[in-house]
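Next come the chains, spelled out residue by residue.
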Amino acid sequence: MDYAAAVEEIKIGRIRPLYLIYGEEGYLARQIEKQIIDAVLQPDEQEMNLTVLDREPPAPELRNLVETAPFMGEKNVVIIRGTGLFRSRKGGGEETAPADSADRQWIEIFSNIPEYSCLVLSTRGKADKRRTIFKTVEKNGAVVPVAPLKVNEIRPWLNEQLIQLDKRMKPDAMEYFMSIIGIMSPISLEFLANELEKMALYTRERREIMLRDIQAVLSSIPEISIFTMIDSLSRKQVSQALQLLDEQLAAGEPPLKILSLLARQVRMLWQAKEMSANGRGSREIAVRLEVPPFIGEKMVRQSRQFSLQSLKQASLALADADFGLKTSRTDSVVLEKIIIELCQ
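A quick note: this is a predicted structure, and the numbers were derived from the prediction, not measured. (Residues numbered from 1 in each chain as written. Predicted model: local features only at pLDDT ≥ 70, side-chain atom pairs only at ≥ 80, totals over all residues. Heavy atoms only, no water.)

(A) Inspection of the overall build of the protein chain at higher detail. Helix and strand content of the protein chain: 17 helices and 7 strands. Taking the contacts inside the protein chain whose residues are at least 6 apart along the sequence as the reference set, 77% of them involve residues at least 24 apart. Surface summary for the protein chain: the accessible area is close to 18,200 Å², and the carbon and sulfur share equals 49%. Put simply, the protein chain has 46 plus and 48 minus side-chain charges, and the middle of one group is 6 Å from the middle of the other. (Helix = DSSP H or I, 4+ residues; strand = E, 2+ residues; numbered from the N terminus. Contact = heavy atoms within 4.5 Å. Areas by Shrake-Rupley, 256 points an atom, 1.4 Å probe, with all protein chains shown as cover. Lys, Arg positive; Asp, Glu negative; His and termini not counted. Charge placed at Lys NZ, Arg CZ, Asp CG, Glu CD.)

Written as structure tokens, this is what we have:
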């Protein structure tokens with residue numbers, strides 16, 4: 001079951017007795033937890049009937065938690081974060097042997113969750129789908145993977161966040177924001193949610209978020225500066241590009257981080273230019289670069305302002321700079337030199 005299906009089930013009041021949430025996107029895991037808590041418990045019931053632990057307790061203790069009747073309410077919710085119960089066993093291979101005695105304790109608990117309890121287990125790591133303990137959760141509850149969203153999956157999530165904040169974005173603001181997301185690797189939903197809340201506070205009673213609002217709120221973030229820097233480079237505005245670099249260095253951003261972001265953008269411009277020269281359309285280029293169509297189109301437009309040779313040279317120079325910075329053979333001045341050469 002994917003994240004959207006799990007949330008939809010919870011919204012209509014179908015609460016499973018048992019959940020396993022696994023994957024790298026911790027923000028989505030917390031969102032599912034919150035949805036379950038809000039659906040099952042009234043605010044005044046949460047103090048007595050909600051238990052949150054950072055790792056699984058011994059099996060007898062967990063059994064006691066889920067089998068204890070709720071106090072002054074109808075349900076208990078028990079949340080176990082950081083569980084290690086579903087990791088792959090050493091040696092790999094498909095599990096064919098019966099579960100060992102330790103697993104059998106957990107399997108028995110997971111197979112007999114009382115109707116007045118809801119148990120939610122989560123882990124940032126992978127879960128071994130071959131193990132009997134995993135299959136027990138699938139049989140008796142729901143398994144929800146929460147992988148980081150790709151750029152082309154962000155817009156529905158973003159629209160939902162704006163609805164919750166009672167805000168909307170103007171089209172040019174939305175395009176700019178999505179372009180920023182497109183250069184983030186990986187995409188952090190927790191970061192995006194926090195920045196949207198800042199925008200909501202910044203705009204106060206005004207419902208519409210405008211381009212200038214996004215630029216004002218996000219101006220200090222390295223990814224945004226690099227995004228703006230590439231625009232400046234494509235327009236051959238060397239002084240503005242250097243100013244953006246200086247601002248990031250003055251703010252304490254590590255030169256290696258700035259270099260990494262810049263190298264990624266230059267590499268994508270190089271790829272976009274090569275594919276365009278070979279007759280690929282902007283939509284196909286976007287697919288190959290794994291960015292939304294409008295970002296692919298923008299990268300094609302930007303790449304036209306550079307020669308293929310200059311992008312190749314910049315990529316090689318950035319690789320050399322990476323080695324130089326890591327070995328302390330050079331400093332941030334090398335980034336200024338690369339920016340100036342790209343603007344020529």
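Read on, since the account is not over.
(B) Region of interest: the side chain of Glu33. You can see Glu33 is positioned in helix H2 (residues 26-40). Setting aside residues up to four positions removed in sequence, Glu33 forms contacts with Ile79, Arg81, Val120 and Ser122.

(C) Region of interest: the sheet that holds strand S4 (residues 117-123). Read across the open sheet, the 5 strands follow the order S2-S3-S4-S1-S5; overall the sheet is parallel. Every other strand in the sheet has two partners, leaving strand S2 (50-53) and strand S5 (142-145) as the edge strands with one partner each. The average undirected angle you get between the axes of adjacent strands in this sheet is 15°. As paired elements, strand S1 (residues 18-22) and S4 share 5 bridges and run parallel to each other. (Pairing = 2+ DSSP bridges. Axes fitted to C-alpha atoms, helices over the stretch in contact; angles between N-to-C directions.)

(D) The arrangement of the packing of helix H13 (residues 255-277) against helix H15 (residues 293-303) in detail. Running from N to C, H13 and H15 point in directions that differ by 85°, and their axes come no closer than 9 Å. Classed by the angle they form, the pair H13 and H15 counts as roughly perpendicular. In this structure, H13 uses Gln265, Met268, Leu269, Ala272, Lys273 and Ser276 to contact H15, whose residues at the interface are Met299, Val300, Gln302 and Ser303. Split into classes, the residues belonging to the contact of H13 with H15 amount to 5 nonpolar, 4 polar and 1 charged. (Parallel < 35°, antiparallel > 145°, perpendicular 65-115°, else oblique. Nonpolar A, V, L, I, M, F, W, Y, C, P; charged D, E, K, R; others polar.)

(E) Here's a closer look at the pattern of salt bridges. Tallied over the entire structure, the rule returns 18 salt bridges. A salt bridge links Arg130 to Asp128; its shortest N-O distance comes to 2.9 Å. Of the residues examined, Arg130 reaches a relative accessible area of 32% and is grouped as partly exposed. One salt bridge connects Glu284 with Arg288, and the closest N-O pair in it is separated by 3.2 Å. With a gap of 4 residues between them, Glu284 and Arg288 both fall in helix H14 (residues 282-289), about one helical turn apart. On the accessibility criterion, Arg288 (49% relative accessible area) is partly exposed. (Salt bridge = Lys/Arg side-chain N within 4 Å of Asp/Glu carboxyl O. Buried < 20%, exposed > 50% of the residue type's maximum accessible area, 1.4 Å probe, protein only.)

(F) Just H15, in detail. Listed as buried for H15 are Ile295, Gly296, Lys298, Met299, Val300, Gln302 and Ser303. Contact partners of the buried residues in H15: helix H8 (171-182), helix H11 (222-234), H13 and H14.

(G) Up close: the nonpolar core. Counting residues in hydrophobic clusters, the biggest one holds 85 residues, and the most contacted among them are Met169, Phe177, Ile214 and Leu233. If one sorts the elements of this core by residue count, H13 sits on top with 10 residues. Those residues in contact with Met169 that lie beyond four places of it in its chain are Leu162, Met174, Phe177, Leu196, Met199, Ile209 and Ile214. Val66, Ile109, Phe110 and Ile133 belong to the second-largest nonpolar core, a separate cluster that totals 22 residues. (Core = buried A, V, L, I, M, F, W, Y, C linked by side-chain atoms within 4.5 Å.)

(H) Up close: a nonpolar patch on the surface. On the surface, Met48, Phe71 and Met72 cluster together into a nonpolar patch covering about 390 Å² of accessible area. Examined against the element boundaries, Phe71 turns out to sit in the loop between helix H4 (59-67) and strand S3 (76-81). (Patch = residues over 30% accessible without salt bridge, like charges linked within 9 Å, V, L, I, M, F, W, Y side chains within 5 Å.)

(I) Broad picture of the side chain of Gln161. Here Gln161 is to be found in helix H7 (residues 154-164). Judged by its relative accessible area of 9%, Gln161 is buried. If we ignore the near neighbours within four places in the chain, the residues touching Gln161 are Tyr27 and Leu196.

(J) Structural context of unusual backbone geometry. You will see that Met72, though not glycine, has its phi angle at about 55°, which is positive. If you trace the backbone, Met72 turns up in the loop between H4 and S3. Taking relative accessible area as the criterion, Met72 reaches 70% and is therefore assigned exposed.

(K) Representation of the pairing of S2. In this structure, S2 lies alongside S3, joined through 4 bridges in parallel fashion. Looking at the pairing, Leu50 lines up with Val77 of S3.

(L) Main features of H13. Along its 23 residues, H13 runs 33 Å from first to last C-alpha, staying within 8% of the 33 Å computed at 1.5 Å per residue. Inspection of H13 places Ile258, Leu259, Leu261, Leu262, Ala263, Gln265, Val266, Met268, Leu269, Ala272, Lys273 and Met275 among the buried residues, and these make up the whole buried set. Elements that come into contact with the buried residues of H13 comprise H11, helix H12 (238-250), H14, H15, helix H16 (308-326) and helix H17 (333-342). Where H13 terminates, the next one or two residues include Gly279, which has phi positive at roughly 90°. (Expected span 1.5 Å × (residues − 1).)

Read these as geometric descriptors, not functional statements.
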